[in-house]
Amino acid sequence: MGSCPRGPLRLTAVPPSATQSFRAPESVAVSPVPADFPQSGYYLTLMAHRALYSGGQASSQLRVLRVGNDTRCALTTRGCNRPLPDSGPYRVKFLVMNDRGPVAETEWSRGTQLPQAQKLQVVRGAQSAGTVVIIAILSILLALLLTALLAVLIYTCTGSSDPYCIVKVDNEPIIRTATVWKTLCPFWGEEYQVHLPPTFHAVAFYIMDEDALSRDDVIGKVCLTRDTLTSHPKGFSGWAHLTEVDPDEEVQGEIHLQLEVVPGPRARRLRCSVLEARDLAPKDRNGASDPFVRVRYNGRTQETSIVKKSCYPRWNETFEFELEERATEALCVEAWDWDLVSRNDFLGKVVVNVQGLRVAQQEEGWFRLQPDQSKSRRDKGNLGSLQLEVRLRDEMVLPSGCYQPLVQLLCHEVKLGAQGPGQLIPFIEETTSTECRQDVATNLLKLFLGQGLAKDFLDLLFQLELRRTSEANTLFRSNSLASKSMESFLKVAGMRYLHSIVGPIIDKVFEEKKYVELDPSKVEVKDVGCSGLHRPQTEAEVLEQSAQTLRAHLGALLSALSRSVRACPAVVRATFRQLFRRVRERFPGAQHENVPFIAVTSFLCLRFFSPAIMSPKLFHLRERHADARTSRTLLLLAKAVQNVGNMDTPASRAKEAWMEPLQPTVRQGVAQLKDFITKLVDIEEREELDLQRTLSLQAPPVKEGPLFIHRTKGKGPLTSSSFKKLHFSLTTEALSFAKTPSSKKSAFIRLVNIRAAEKVEEKSFGSSHVMQVIYTDDVGRPQTAYLQCKCMNELNQWLSALRKVSINNSGLLGSYHPGIFRGDKWSCCHQRDRTDRGCDKTRSRVTLQEWNDPLDHDLEAQLIYRHLLGVEPALREKLREPSRDTEAGAEPTGPDQAPEDPLAQLLQVLQDLREAHSCSSSPTSPPPSEPTRLLELQT
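Because the structure is a prediction, the values reported are computed rather than measured.

What counts and how
Residues numbered from 1 in each chain as written. Predicted model: local features only at pLDDT ≥ 70, side-chain atom pairs only at ≥ 80, totals over all residues. Heavy atoms only, no water. Helix = DSSP H or I, 4+ residues; strand = E, 2+ residues; numbered from the N terminus. Contact = heavy atoms within 4.5 Å. Areas by Shrake-Rupley, 256 points an atom, 1.4 Å probe, with all protein chains shown as cover. Buried < 20%, exposed > 50% of the residue type's maximum accessible area, 1.4 Å probe, protein only. Polar contact = N/O pair within 3.5 Å; in protein donor to acceptor, adjacent residues only side chain to side chain. Phe/Tyr/Trp six-rings, centres within 6.5 Å; stacked < 30°, edge-to-face > 60°. Lys NZ or Arg CZ within 6 Å of the ring centre and 35° of its normal. Expected span 1.5 Å × (residues − 1). Pairing = 2+ DSSP bridges. Axes fitted to C-alpha atoms, helices over the stretch in contact; angles between N-to-C directions. Left-handed = near helix turned anticlockwise from the far one by under 90°. Nonpolar A, V, L, I, M, F, W, Y, C, P; charged D, E, K, R; others polar. Disulfide = S-S within 2.5 Å. Salt bridge = Lys/Arg side-chain N within 4 Å of Asp/Glu carboxyl O. Parallel < 35°, antiparallel > 145°, perpendicular 65-115°, else oblique.

*Asks:* When you look at the overall build of the chain in this model, what are you seeing that I'm missing?
*Replies:* Each helix and strand in the chain was counted, giving 21 helices and 35 strands. If you take every contact in the chain between residues at least 6 apart in sequence, the share linking residues at least 24 apart comes to 69%. With an accessible surface of roughly 45,300 Å², the chain has 50% of that area assigned to carbon and sulfur atoms.

Given below as structure tokens:
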């Protein structure tokens, strides 16, 4: 082997498309200047010497090359380290240059995208945004530079992160988003709706950095109090600055105090009884704390005893202080976690106004622990920002009888159909803005679904849409009430069907992780790997292999769809039958032969299957978002499904000519799809009724999936290895289990016997994903089943499902033990009586809203009423239009006679409901029920 080439190292960065045409310059003097980058595609950015990387250096001592950090470099200066013009992507290589020109060079690196906006900063130090750090491992490899082999690691100067978001309601984690890998600018695009108790205080968003080898890091948080959300009735939308997570502010829980002013020998005394606390923050590694309470007043301090390893301590200790008449100092009660070696951890405090206590003489209750905000806050702008859309909907749901006039009026209009005289539905659509049309469509759809009129409601919308459509190619292409209602209908009634068809295909794409690309301009041959005999694949081979993969996925999907006619829900088949029939009546003739089929596929393929393929997590098909490679495969597959759904029209083929390799499969798929739709809509009224009757006899599963079960027996230790994996199924009748999904199920817990479904504290089983179902057996004895889930989201989904189906049970518990009874005492509060009252309150009102939730007719009616109340002025304006003079009387003809015009009837119903709400909120009338708070989140 010859000697190692001598000379300084030069680095150049080019777009991926310019690597083939790149030719190293003969010298720096003739290389392009930065201003010539758009034409030349490169410039020499940086120079370094081999001496910087002498052999034997430890990796931690290697020098770094900071590319693009010389902002003073002019556009016309050659060889200076000017920042790159945009975010790329770029591919880089090293050149070894001397006075004779380039003598050696490395291979091109992989493409690197440079982030332009650093939203989350996790690395300390002042660094220049957009700078690329290139660590060259040269201590050994420099001797082999003749073979043009060089290992480099490229990353952004501010580091990278694997961020995800945890949403907490009053410090209770309820949602975990997917992790977005290796980025400081993550996009989640996830939406949630959460039912909250009326007493909630705040919702917080914690941005975390996932770490596979150690505990995840906290980057920052955003906290929105209930008052903040209430002050934005239309919702909070925008960027919120992340704040530092201060341990002294991360407090939770409540403390039970009894305060009174009692007479003393010389003067009155202030007596403070510290009884107990609940849901304190776990500060120790064992998942608990060692809490004690410090009471301070008027310069004196007294402390309780320490309760070891508990977040639910009971003290029952009393302290007295001399009460000075003119003293203005407040009573401060602080909770602390005792530590033997390090300093004690702050758990929260309560500040009591003694002047008010002088008047009341006595006060007792649970006090919420507050953070210590005496320290100065860190600047909010240095941790990044989080874009949120959050809306709090506070609804008081009246008794069912109050909504009957509204429900009956709307149902009557739907039964009359498009030929009815009132046509309230067109008025509602006309007065509904685009922003809230999806919400209104979902509420109306669920209301009519509960009344058994979903098909009739959608049929009415189909007719109204067809009446105002003149061109067949624009049918159902707008975001009309019909389109939005049909989307909601398919998600509510057809989600399980979607999972059975699309789920296996999605799973296979995720498992294979193949490189798939059909667009020649986007092919990266180096990302594919080698073929036989380690020969790099050519671009043509990559395109052919990609086409084969997509043809296989598309063929499997269409075959599964063709075989699924009988598996499609009866109400979905009947609705598509009505749609097919209405479109064929509106557009008859041979020239419109495909229009009825396209009408069906515009919903089934374009608005249901394709979005689910592109974003499987949003349709509950996967727990995590796809990586970049899998996302591209899913996108191409979704495009192919769209082409099949468009019946392979010339317009769809002309958009992307590089999709041509899939045309044989697409044409075959069109024939399969038309045959499927023909069979799908071929359902008679009697068959529809028979299918619905059969389904009504079977309790459909509300939720099902694998869980690990443990029933506590004896005094032995409870560990995660004690759990047994079984397949559980929750219906509106019982929670049952089987060894496998296809095995015969055994009834486990009857639904009416459930008393509570709550989380188990982490220290009990060494896992934060365990829940307990408290129930009574057939003879009325209390029992507890412990079920372990695999993640936070699954845990909260199961808890939500159990709480919803048992919300109307009699005998629901108001308190429970978050620990387990191990040996002779409860692990949470250390009480020795197994039948002792619970040490924490239940959270039956905190639930996630899911697509398969049991229908709440009264809540949907209340939400529709709330919307109609907002558009009431527009409805009254409609009533006063001259064109309505020829219709049925718009006003009542007598004092006790109801109006005949449906629009006038609707306005009267709104007035009655307004009065009912006014009566329910008056001080002399107790509220009919607790208000429903629905929190809508989008990250």
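*Asks:* Explain the environment of Q370 here, please?
*Replies:* Examined against the element boundaries, Q370 turns out to sit in the loop between strand 21 (362–368) and strand 22 (385–395). For Q370, a relative accessible area of 39% translates into the label partly exposed. Distance from Q370 to E254, taken between C-alpha atoms, is 9.1 Å for residues 116 residues apart in sequence. Within the structure, the side chain of Q370 is placed 3.4 Å from the backbone oxygen of R368, a separation counted as a polar contact.

*Asks:* Got a minute to help me understand the packing of aromatic side chains in this structure?
*Replies:* For any two aromatic rings, the description comes down to two numbers: the centre-to-centre distance and the angle of the planes. Applying the stated criterion to the full structure yields 13 aromatic pairs. With 5.3 Å between their ring centres and 75° between their planes, W336 and F346 make a pair best called edge-to-face. Of this pair, W336 sits in strand 19 (residues 331–337) while F346 sits in strand 20 (residues 345–352), and the two are 10 residues apart along the sequence. Residue class for W336 comes out buried when judged on its relative accessible area of 16%. Judged by relative accessible area, which is 3%, F346 ranks as buried. Three or more aromatic residues link up through ring pairs in this structure, and these residues are F728, F737, F748 and Y775. The ring of F587 has R586 lying over it, and the distance from NZ or CZ to the ring centre is 4.7 Å.

*Asks:* For this particular structure, what's the right way to read unusual backbone geometry?
*Replies:* With the exception of glycine, the majority of residues adopt a negative phi angle, and the majority of peptide bonds are in the trans configuration. A positive phi angle, near 70°, is found at N171, a position not held by glycine. With respect to the secondary-structure elements, N171 resides in the loop between strand 8 (163–169) and strand 9 (172–176). Positive phi, close to 65°, is recorded for H830, a residue that is not glycine. Here H830 is to be found in the loop between strand 32 (825–826) and strand 33 (840–841). The partly exposed category is assigned to H830, whose relative accessible area is 24%.

*Asks:* Which parts of the structure should I look at to understand helix 21 (residues 902–920)?
*Replies:* Residues lying three or four places apart along an α-helix face the same way, a consequence of the helix completing one turn every 3.6 residues. In a regular helix each residue adds 1.5 Å, so 19 residues correspond to 27 Å; helix 21 covers 27 Å between its end C-alpha atoms and thus fits that length. Here helix 21 has its buried residues at P902, L903, A904, L906, L907, V909, L910, L913, H917 and S920. Residues of helix 21 that are buried make contact with helix 5 (400–416), helix 6 (424–431), helix 19 (857–870) and helix 20 (872–879). At the N-terminal end of helix 21, a side-chain oxygen is found 2.9 Å from the backbone nitrogen of L903, two or three residues along, and the residue is D901.

*Asks:* Hey, could you run me through the sheet that holds strand 12 (residues 217–225) in this one?
*Replies:* Backbone hydrogen bonds hold the strands of a sheet together, and the pairing may be parallel or antiparallel. Taken in spatial order, the 4 strands line up as 9-8-11-12 in an open sheet, and their pairing is antiparallel. A single partner strand is all that each edge strand has here, and the edge strands are strand 9 and strand 12. The average angle at which neighbouring strand axes cross in this sheet is 25°, direction not considered. Two elements, strand 8 and strand 11 (residues 202–209), share 7 bridges in a ladder whose sense is antiparallel. For V169, the partnering residue across the bridge sits in strand 11 and is V203.

*Asks:* Explanation requested: the packing of helix 20 against helix 21 in the structure shown.
*Replies:* Pairs of packed helices are described in terms of their axes, by the angle between the two and the distance that separates them. It is at 10 Å that the axes of helix 20 and helix 21 come closest, and there the two elements cross at 145°. As helix 20 runs across helix 21, the sense of the crossing is left-handed. Along its contact with helix 20, which presents E872, L875, R876, K878 and L879, the element helix 21 presents L903, A904, L906, L907, L910 and R914. The residue makeup of the contact of helix 20 with helix 21, split by class, is 7 nonpolar, no polar and 4 charged.

*Asks:* In this structure, what is going on with the state of the cysteines? I would like to understand it.
*Replies:* In protein structure, a disulfide is the covalent linkage between the sulfur atoms of two cysteines. Overall, the coordinates contain 0 disulfides when judged by the stated rule. The cysteine C311 is free of any disulfide, with C828 supplying the nearest cysteine sulfur at 9.8 Å. The thiol sulfur of C791 is not disulfide-bonded, and the nearest other cysteine sulfur, from C789, lies at 7.6 Å.

*Asks:* Before we go on, may I ask you to explain the side chain of T847 in this structure?
*Replies:* Mapped onto the secondary structure, T847 falls in strand 34 (residues 847–848). If we skip the residues at most four places from it in the chain, T847 touches Q193, V194, H195, S800, R803 and K804.

*Asks:* Teacher, can you tell me more about the sheet that holds strand 15 (residues 269–278) here?
*Replies:* Ordered by their spatial adjacency, 4 strands build an open sheet running 18-15-14-21, and the pairing between neighbours is antiparallel. At either end of the open sheet lies a strand with only one pairing partner, and these are strand 18 (314–322) and strand 21. Ignoring strand direction, the axes of neighbouring strands in this sheet form an average angle of 20°. Relative to strand 21, strand 14 (residues 254–262) runs antiparallel, the two sharing 7 bridges. Counterpart to E254 in the pairing with strand 21 is R368.

*Asks:* What is the right way to read the pattern of salt bridges from this model?
*Replies:* A side chain with one charge may pair with a side chain of the opposite charge, provided their charged atoms come close. The final tally for this structure, using the stated rule, is 40 salt bridges. Note that K679 and D675 form a salt bridge whose closest N and O atoms lie 3.3 Å from each other. Here K679 and its partner D675 are both found in helix 15 (residues 663–680), 4 residues apart, which amounts to about one turn of the helix. Here K679 falls in the partly exposed class, since its relative accessible area comes to 44%. The class of D675 is partly exposed, set by a relative accessible area of 40%. For D824, the salt bridge is made with R832, and the minimal N-O distance between the two is 2.7 Å. Relative accessible area serves as the criterion here: at 55%, R832 is assigned to the exposed category. When salt bridges that share partners are traced, they join E260, R269, R271, E320 and E322 into one network.

*Asks:* Before we go on, may I ask you to explain the environment of E324 in this structure?
*Replies:* The topology assignment puts E324 in the loop between strand 18 and strand 19. For E324, a relative accessible area of 43% corresponds to the partly exposed category. On a C-alpha basis, the gap between E324 and N298 in space is 8.5 Å, while along the polypeptide they are 26 residues apart. Apart from the residues lying within four places of it in its own chain, the contact partners of E324 are Y297, N298 and R358.

*Asks:* Please explain the packing of helix 9 (residues 481–512) against helix 12 (residues 595–614) as it appears in this structure.
*Replies:* At a minimum axis separation of 9 Å, helix 9 and helix 12 run at an interaxial angle of 55°. By the angle between their directions, the pair helix 9 and helix 12 is classed as oblique. Read as a crossing pair, helix 9 and helix 12 show a hand that is right-handed. Note on element contacts: helix 12 touches helix 9 through F603, R607, F608, F609, A612 and I613, opposite S483, M486, E487, L490, K491, G494, M495, Y497, L498, I501, V502 and I506.

*Asks:* Sorry if this is basic, but what is going on with the environment of M495 here?
*Replies:* Among the secondary structure elements, M495 is positioned in helix 9. Those residues in contact with M495 that sit more than four places away from it in its chain are L490, F608, F619 and W851.

*Asks:* Explain helix 6 to me, please; I cannot follow it from the model alone.
*Replies:* Counting buried positions over the 8 residues of helix 6 gives 7, a clear majority of the element. Every buried residue of helix 6 is listed here: L424, I425, P426, F427, I428, E429 and T431.

*Asks:* Even after reading the chapter, I still don't get the pairing of strand 29 (residues 782–788), so can you show me in this structure?
*Replies:* Regular strands place side chains that alternate from one sheet face to the opposite one. Bridge analysis of strand 23 (residues 703–710) against strand 29 gives 3 bridges, and the strand direction is antiparallel. When the bridges of strand 29 are listed, H710 appears paired with Y786. Sheet topology places strand 28 (residues 770–776) next to strand 29; 7 bridges connect them, and they run antiparallel. Within the sheet, the bridge partner assigned to V773 lies in strand 29 and is A785. Taking the residues that link successive antiparallel strands as the turn, the strand 28-strand 29 hairpin has 5 residues, and the phi of G780 there is positive, at about 90°.

*Asks:* Would you mind showing me how to read the side chain of E276 here?
*Replies:* Locating E276 in the fold gives a position in strand 15. Note on E276: relative accessible area 7%, which makes it buried. There is a polar contact of 3.5 Å between the side chain of E276 and the side chain of R314. A distance of 3.1 Å separates the side chain of E276 from the side chain of R837, its partner in a polar contact. Not counting residues up to four positions away in its chain, the partners in contact with E276 are I255, H256, P313, R314, W315, W366 and R837.

Such coordinate-based values are descriptive only and should not be taken to indicate function.
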